[in-house]
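Architecture at a glance
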Amino acid sequence: MEGCAGRAFGDDAAARKAFTAARAEVDAKCATSRLWATARVLGLIDAGLGRKEEAIREGRRANELLPVTKGCARWAHIMEYLGVIYAWTGEKDLAIKQIAATLQVPSLLSYGQLRLHPFWDLYVAIRASKN
């Protein structure tokens, strides 16, 4: 979350430092774990570090580790995070498609969240993807 805060406040150096530290910690857990939550977090960290291919791969891996049949509420959360990963990596069209797909299942994603939550600040996401 420190990395996310750095992104939200435009402090790229602090965001990179926090994401790098988090990456090392989560990477060890993810290598031995098939937990969807670990893959989701690793994907978000990689997106924050500008590691586009790795981020998308981990986000998709999280989707595969928790299929829709295992619990819709959690699955919707994974779908939402994959949308964030797409947005942060500059894949705007995929992000929009993922948002639309997430809104088709019961989820907490809403207009207010898309408008106000820093995860969805596309200006920040687009600026970061150009670095």
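So, here's what we can say about the structure. (Residues numbered from 1 in each chain as written. Predicted model: local features only at pLDDT ≥ 70, side-chain atom pairs only at ≥ 80, totals over all residues. Heavy atoms only, no water.)

1. A closer look at the environment of alanine 39
By secondary structure assignment, the location of alanine 39 is in helix H3 (residues 36-48). Between the alpha carbons of alanine 39 and arginine 61 there is a distance of 6.5 Å; along the sequence they are 22 residues apart. (Helix = DSSP H or I, 4+ residues; strand = E, 2+ residues; numbered from the N terminus.)

2. Quick notes on helix H4 (residues 52-65)
The first and last C-alpha atoms of H4 sit 20 Å apart over 14 residues, in line with the 20 Å expected at 1.5 Å per residue. Three or more residues of H4 are buried, namely Ala55, Ile56, Glu58, Gly59, Arg61, Ala62, Asn63 and Leu65. (Expected span 1.5 Å × (residues − 1). Buried < 20%, exposed > 50% of the residue type's maximum accessible area, 1.4 Å probe, protein only.)

3. Points about the pattern of salt bridges
All chains considered together, the criterion is met by five salt bridges. Notably, a salt bridge pairs arginine 51 with aspartate 46, separated by 3.7 Å at the nearest N-O pair. Assessed through its relative accessible area of 0%, aspartate 46 is described here as buried. Residue glutamate 91 pairs with lysine 52 through a salt bridge whose shortest N-O separation is 2.5 Å. You can see glutamate 91 sitting in the loop between helix H5 (72-88) and helix H6 (92-102) and its partner lysine 52 sitting in helix H4, a full 39 residues away along the chain. Exposure remark for lysine 52: the relative accessible area of 29% places this residue in the partly exposed category. Through salt bridges with shared partners, a single ionic network connects Arg23, Asp46, Arg51 and Glu54. (Salt bridge = Lys/Arg side-chain N within 4 Å of Asp/Glu carboxyl O.)

4. A short note on H6
Looking only at H6, the buried set comprises Ala95, Gln98, Ile99 and Thr102. For H6, the arc enclosing every buried residue in end-on projection is 100°, short of the 170-degree limit, so these residues lie on one face. Facing away from the buried side of H6 by over 90 degrees, the exposed positions are Asp93, Ile96 and Lys97. (Arc of directions from axis to C-beta.)

5. With respect to the nonpolar core
The tendency in soluble globular proteins is for nonpolar side chains to be buried side by side. Counting 23 residues, the largest nonpolar core has Phe19, Leu44, Trp88 and Phe119 as the members making the most contacts within it. The leading source of residues in this core is H5, at seven residues. Counting five residues, the second largest nonpolar core, distinct from the first, contains Ala39, Ala62, Leu66 and Ile78. (Core = buried A, V, L, I, M, F, W, Y, C linked by side-chain atoms within 4.5 Å.)

6. Here we look at the packing of aromatic side chains
Inspection of every chain in the model, using the stated rule, returns one aromatic pair. Centre to centre, the rings of phenylalanine 19 and tryptophan 88 are 6.1 Å apart; their planes meet at 65°, and the pair counts as edge-to-face. Of this pair, phenylalanine 19 sits in helix H2 (residues 12-31) while tryptophan 88 sits in helix H5, placing them 69 residues apart in sequence. Neither residue differs from the other here; phenylalanine 19 and tryptophan 88 are each classed as buried. Residue placement shows arginine 7 over the ring face of tryptophan 88; its charged tip is 3.8 Å from the ring centre. (Phe/Tyr/Trp six-rings, centres within 6.5 Å; stacked < 30°, edge-to-face > 60°. Lys NZ or Arg CZ within 6 Å of the ring centre and 35° of its normal.)

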